[in-house]
Amino acid sequence: MMPILFLIVVIDLIGFGIIIPLLPFYAEFFKASPATVGMIMATYSLAQFIAAPFWGWLSDRIGRRPVLLASLAGSAVAYSLLGFADNLWILFGARAFGGLMAGNISAAFAYVADITTQENRAKGMGLIGAAFGLGFVIGPVIGGILAGPDPINADYKSPSLAAAGLSMAALILALLFLKESLPSEARNRLQSKSNKSYLNQMRLSLSFPHLGFLISISFLTTVVFSGLEVSFPLWTHRQFGWGPEQNAYLFAFVGVLGALVQGGLVGILSKRYGELGLIIQGACTLCLGVILIPFAETITFLVIAMTIAGYGFSIISPAINSSISLKVDAGSQGMVMGVTRSAMTLARVVGPVIAGVMFAAFGKDWPFYAGATIMALVFLLVSLRKPLLTSARKPPPPLDQI
């Protein structure tokens, strides 16, 4: 089932990739300030933060496949609304609805955990990460070509409708070919958890050793990268006069790098250095790449900086997800991935808002300075705590003790 899941996620994320590089320009088209641009980017993630635990819980209760189907259908509707937006409030509303329906990624990660062993878990997570990479290869190119190079006269409707069509294509593929990964007996064992509130889901998830620390590291990393997604197009527009198309090509280049790293290199490196070694390496390189961006006065230097940053994020993201999944039992994968995804989407609320405010208040370079500082802190924390994180996993406490 991994090839089918991979194809479905790739197609869906191509649609996601079409939209992401265009959104800052789309918002500025409606006269949004950099701070408001950050808020629009954060709206999707805030809605996703609210909905992610529900989707994770539901995937444990009824299976991964129904959640993937519902989420893909909702995404198609949200992209259609985005295409017909004629003011800033509809743009906000379309992104909010899209976030509420974004349960596909946490379900996909749980699906991978269902069908992989501990030994090849990092490789499986890396393949889903590679789907992200491919989405950011093909998607931005399509979006950039459809929108055009001029942010003032860009076509924002066609990319949005193309993204809707791709979500529908992924939905059809899932309906026809994707089988359920969570056996009915495993779902039956989770019935006692089904009435637990989100707070209790968090408490149960965090009862696993060191899981809270790993989720915190994932949170900080996502804050940095989501801030980069908002700041970078605004920065290149002011530094080089770029529009959607030029930014899309560079996003596509970073996507190629991510696909190559996560699709093959992560599995090889994880066997040599382990997940924690990759987290440390990824934090270091992401820090270096982000701090170099403000000093880019030529396109060549900018490409080098983004290559370093892209490599760092491509390494650290699947390594953290793999480390988290290895800390929990098979029956709790969906719940824990839902909580983890919720923390990551909260980071995608915090990151764009902070980046947008810093961009507006202090200047275009400051979001990158702040991001590099955060990643230096991540590098230091993981390096100091590495001996404790290698401790053996133990089962969570009984539900009646939570």
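Residues numbered from 1 in each chain as written. Predicted model: local features only at pLDDT ≥ 70, side-chain atom pairs only at ≥ 80, totals over all residues. Heavy atoms only, no water.

**Describing the packing of helix α3 (residues 34-62) against helix α4 (residues 64-83)**
Test applied: Fitting a line to C-alpha atoms yields each axis, with helices limited to the stretch in contact; the angle taken between N-to-C directions then spans 0 to 180 degrees. A helix here means a DSSP run of H or I that spans at least four residues, while a strand means a run of E at least two residues long, and both kinds are numbered starting from the N terminus. Between 65 and 115 degrees an angle is taken as roughly perpendicular, under 35 as roughly parallel, over 145 as roughly antiparallel, and anywhere else as oblique. Contacts: residue pairs with any heavy atoms within 4.5 Å of one another. Under the scheme applied, nonpolar residues are Ala, Val, Leu, Ile, Met, Phe, Trp, Tyr, Cys and Pro; charged residues are Asp, Glu, Lys and Arg; polar residues are all the others, including Gly.
Two numbers describe how α3 lies on α4: the axes approach to 7 Å, and their chain directions differ by 135°. With respect to α4, the axis of α3 lies oblique. Residue-level inspection shows W55, L58, S59, D60 and I62 of α3 in contact with α4, the latter providing R64, P66, V67 and A70. Classifying every residue of the contact of α3 with α4 gives six nonpolar, one polar and two charged.

**Quick word on the nonpolar core**
One broad rule of soluble globular proteins: the nonpolar side chains tend to lie buried together. In plain terms, the rule: Here, nonpolar core refers to any group of buried Ala, Val, Leu, Ile, Met, Phe, Trp, Tyr and Cys residues whose side-chain atoms link them within 4.5 Å. Exposure is judged per residue with a 1.4 Å probe applied to protein chains only, and the accessible area is read against the type maximum: over 50% gives exposed, under 20% gives buried, and values in between give partly exposed.
Ranked by size, the top nonpolar core spans 108 residues in total, and within it L5, I279 and I293 carry the most contacts. Setting aside residues up to four positions removed in sequence, L5 forms contacts with L68, A108, Y111, V112, I128 and L178.

**Let's talk about the pattern of salt bridges**
For clarity, the cut-off: Definition used for salt bridges: Asp or Glu carboxyl oxygen within 4 Å of a side-chain nitrogen of Lys or Arg.
Following the criterion strictly, the structure yields three salt bridges and no others. A salt bridge links E229 to R348, with the shortest nitrogen-to-oxygen separation between them at 2.8 Å. Of the two residues, E229 is situated in helix α11 (residues 211-240) and R348 in helix α14 (residues 333-362); the sequence distance between them amounts to 119 residues. For E229, a relative accessible area of 5% gives the class buried. Among the ionic pairs, K364 bridges to D365, the shortest N-O distance being 3.5 Å. Here D365 falls in the buried class, since its relative accessible area comes to 19%.

**Examining the confidence of the model for the protein chain**
Definition in use: The score called pLDDT rates the predictor's confidence residue by residue, from a low of 0 to a high of 100.
Considering every residue of the protein chain, the mean pLDDT works out to 83; 87% of them sit at 70 or more. The secondary-structure element of the protein chain with the lowest mean pLDDT is helix α9 (residues 184-189), recorded at 61, while helix α5 (residues 88-100) shows the highest, at 92. Note that residues 392-402 has pLDDT below 50 and, in this model, 21 contacts with residues that lie over four places away or in other chains.

**Section: a nonpolar patch on the surface**
Let me state the cut-off plainly: To count toward a patch, a residue needs a relative accessible area above 30% and no salt bridge. Like charges then connect within 9 Å, nonpolar side chains (Val, Leu, Ile, Met, Phe, Trp, Tyr) within 5 Å. Each accessible area is a Shrake-Rupley estimate made with a 1.4 Å probe; only the visible protein chains count as cover when residues are assessed.
On the surface, I172, L175, L176 and F177 cluster together into a nonpolar patch covering about 410 Å² of accessible area. What makes I172 partly exposed here is its relative accessible area of 45%.

**Structural notes on unusual backbone geometry**
Even without being glycine, K31 reaches a positive phi, approximately 70°. On the secondary structure map, K31 appears in the loop between α2 (23-29) and α3.

**A word on helix α6 (residues 104-115)**
What counts, and what does not: Take the residue count of a helix, subtract one, and multiply by 1.5 Å to get its expected span.
With 12 residues, α6 should cover 16 Å at 1.5 Å per step; its first-to-last C-alpha distance of 17 Å lies within 8% of that length. The complete set of buried residues in α6 reads N104, I105, S106, A107, A108, F109, A110, Y111, V112 and A113.

**A short note on the packing of aromatic side chains**
The test is simple: We call Phe, Tyr and Trp rings a pair once their centres come within 6.5 Å, taking the six-membered ring for Trp, and we label the pair stacked below 30 degrees between planes, edge-to-face above 60, and tilted otherwise.
All chains considered together, the criterion is met by 14 aromatic pairs. Seen in terms of ring centroids, W235 and F240 are 5.9 Å apart; in terms of plane orientation they differ by 75°. Their pairing is edge-to-face. Between F240 and W242 the ring centres are 5.7 Å apart and the planes differ by 35°, which places this aromatic pair in the tilted class. An aromatic cluster is defined as three or more aromatic residues linked by ring pairs; in this entry it consists of Y26, F29, F30 and Y156.

**Description of the packing of helix α1 (residues 2-19) against α4**
Quick note on the threshold: Two helices cross in a left-handed way if the nearer one is turned anticlockwise from the farther one by less than a right angle. They cross in a right-handed way if the turn is clockwise.
Two numbers describe how α1 lies on α4: the axes approach to 12 Å, and their chain directions differ by 20°. The orientation of α1 relative to α4 falls into the category roughly parallel. The handedness of the crossing between α1 and α4 is left-handed. Contacts between α1 and α4 involve L5, I8, D12, G15, F16 and I19 from the former and L68, L72, Y79 and L82 from the latter.

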